[in-house]
Amino acid sequence: MRIITGKYRGRHFTPPPVFKARPTTDFAKENLFNVLRAYVDFEETKALDLFGGTGGISLELASRGCPVVVTVERDRQHFAFIKRCVAVLGDTAVTPICGDALRFIARCRERFGLVFADPPYALPELPELPDRVMGSTLLIPGGLFVLEHGKDKDFSHRPGFLEHRAYGSVNFSFFRKPGTADIAAE
């Protein structure tokens, strides 16, 4: 796992070989962040990474200057790996939470300018995620939700849908919370 750009550019972290996570490829991650630049001022945006996996997206967000990055990961081994990576970097902007992302969506009262979710592609609740996130209080008005998913899903009919991007077998659907507030966290 490599951090592509920002203050930690070029840093590598190697997840243990027993990891069950499917990290976002460097190619897809680089293209994702190129698109996000049009929507997000990273240095002004509070971000949430649901289904943290290896923590690659969270570390990339921190590297690009997000002042707050909350990462939710249920698997204890993955959570411990994310905590180790954050400790190595010494970055206090990243807060890993060991917990269930679906429960977090329902219970969290903190608000974010950007919510990213990379759930397991076989997650039974994956088709409901846009509705759950967009219907929750997680996003500020005008906030952005990005869902990583397989090519067999189409979310273009969902409220708030902005666009779809595909990079190889990795697909991203982008959604905007209705409202006129700046995307930066309140």
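Let me begin by describing the structure that accompanies this report. These numbers were taken from a predicted model, which means no experiment stands behind them.

A look at the side chain of Glu 73
Next, step 1: Within the secondary structure, Glu 73 is located in strand E2 (residues 68-73).
Next, step 2: Of the buried charged residues, Glu 73 lacks a salt bridge, with Arg 74 as the closest side chain of opposite charge at 6.2 Å.
Next, step 3: A distance of 2.6 Å separates a polar side-chain atom of Glu 73 from the backbone nitrogen of Gly 53.
Next, step 4: Ignoring anything within four residues of it in the chain, the contact list for Glu 73 reads Phe 51, Gly 52, Gly 53, His 78, Phe 79, Ile 82, Ile 97, Cys 98 and Gly 99.

With respect to the nonpolar core
Next, step 1: Counting residues in each nonpolar core, the largest one holds 33 residues, and the members touching the most others are Leu 32, Leu 36, Leu 61, Leu 144, Val 146, Phe 172 and Phe 174.
Next, step 2: Of all the secondary structure elements, the ones that give two or more residues to this core are helix H1 (26-39), helix H2 (56-63), helix H3 (76-89), strand E4 (112-117), strand E5 (139-149) and strand E7 (170-176).
Next, step 3: It is H1 that provides the largest number of residues to this core, a total of six residues.
Next, step 4: For Phe 174, the residues in contact, after removing those within four places along its chain, are Leu 32, Val 35, Leu 36, Tyr 39, Leu 144, Phe 145, Val 146, Gly 160, Phe 161, Leu 162, Glu 163 and Arg 165.

Overview of the sheet that holds E2
Next, step 1: Read across the open sheet, the seven strands follow the order E3-E2-E1-E4-E5-E7-E6; overall the sheet is mixed. Looking at the sheet topology across the chains shown, the edges are occupied by strand E3 (94-98) and strand E6 (161-167). For this sheet the average axis-to-axis angle between neighbouring strands, irrespective of direction, equals 15°.
Next, step 2: Two strands pair when backbone bridges link them, and strand E1 (residues 46-50) and E4 are joined in this way by four bridges, in the parallel orientation. Following the sheet pairing, Leu 50 is matched in E4 by Ala 117.

Some remarks on the pattern of salt bridges
Side chains carrying opposite charge are able to pair once their charged atoms draw close together.
Next, step 1: The full count for this structure, using the stated rule, is ten salt bridges.
Next, step 2: Note that Arg 132 and Glu 128 form a salt bridge whose closest N and O atoms lie 3.0 Å from each other.
Next, step 3: Given a relative accessible area of 32%, Arg 132 falls into the partly exposed group.
Next, step 4: The salt bridge partner of Lys 153 is Asp 152, with a shortest N-O separation of 3.8 Å.
Next, step 5: Looking at Lys 153, the relative accessible area reads 26%, which means it is partly exposed.
Next, step 6: Through salt bridges with shared partners, a single ionic network connects Lys 29, Glu 60 and Arg 64.

Brief notes about the environment of Ser 58
Next, step 1: Positionally, Ser 58 belongs in helix H2.
Next, step 2: For the pair Ser 58 and Leu 32, spaced 26 residues apart in sequence, the C-alpha to C-alpha distance is 13 Å.
Next, step 3: Discounting residues that sit within four places of it in the chain, Ser 58 has contacts with Asp 49, Val 69, Thr 71 and Val 94.

Examining the packing of aromatic side chains
Next, step 1: Applying the stated criterion to the full structure yields nine aromatic pairs.
Next, step 2: Taken together, a centroid distance of 6.4 Å and an interplanar angle of 50° make the contact between Phe 116 and Phe 172 tilted. Pair noted here: Phe 116 is in strand E4 and Phe 172 is in strand E7, with a separation of 56 residues, a long-range link. Comparing Phe 116 with Phe 172, the two get one shared label, buried.

Things to note about the state of the cysteines
Next, step 1: Applying the stated criterion to the full structure yields zero disulfides.
Next, step 2: As a non-bridged cysteine, Cys 66 has Cys 108 as the owner of its nearest cysteine sulfur, 16 Å distant.
Next, step 3: Between Cys 98, a free cysteine, and Cys 85, which holds the nearest cysteine sulfur, the sulfur-to-sulfur gap is 15 Å.

Structural notes on the environment of Gly 179
Next, step 1: Inspection of the secondary structure assignment puts Gly 179 in the segment after E7.
Next, step 2: Separated by 39 residues in the primary sequence, Gly 179 and Ile 140 place their C-alpha atoms 8.1 Å from one another.
Next, step 3: Excluding anything up to four places from it in sequence, Gly 179 contacts Pro 141 and Gly 142.

Each value, and the rule that gives it
Residues numbered from 1 in each chain as written. Predicted model: local features only at pLDDT ≥ 70, side-chain atom pairs only at ≥ 80, totals over all residues. Heavy atoms only, no water. Helix = DSSP H or I, 4+ residues; strand = E, 2+ residues; numbered from the N terminus. Buried < 20%, exposed > 50% of the residue type's maximum accessible area, 1.4 Å probe, protein only. Lys, Arg positive; Asp, Glu negative; His and termini not counted. Salt bridge = Lys/Arg side-chain N within 4 Å of Asp/Glu carboxyl O. Polar contact = N/O pair within 3.5 Å; in protein donor to acceptor, adjacent residues only side chain to side chain. Contact = heavy atoms within 4.5 Å. Core = buried A, V, L, I, M, F, W, Y, C linked by side-chain atoms within 4.5 Å. Pairing = 2+ DSSP bridges. Axes fitted to C-alpha atoms, helices over the stretch in contact; angles between N-to-C directions. Phe/Tyr/Trp six-rings, centres within 6.5 Å; stacked < 30°, edge-to-face > 60°. Disulfide = S-S within 2.5 Å.

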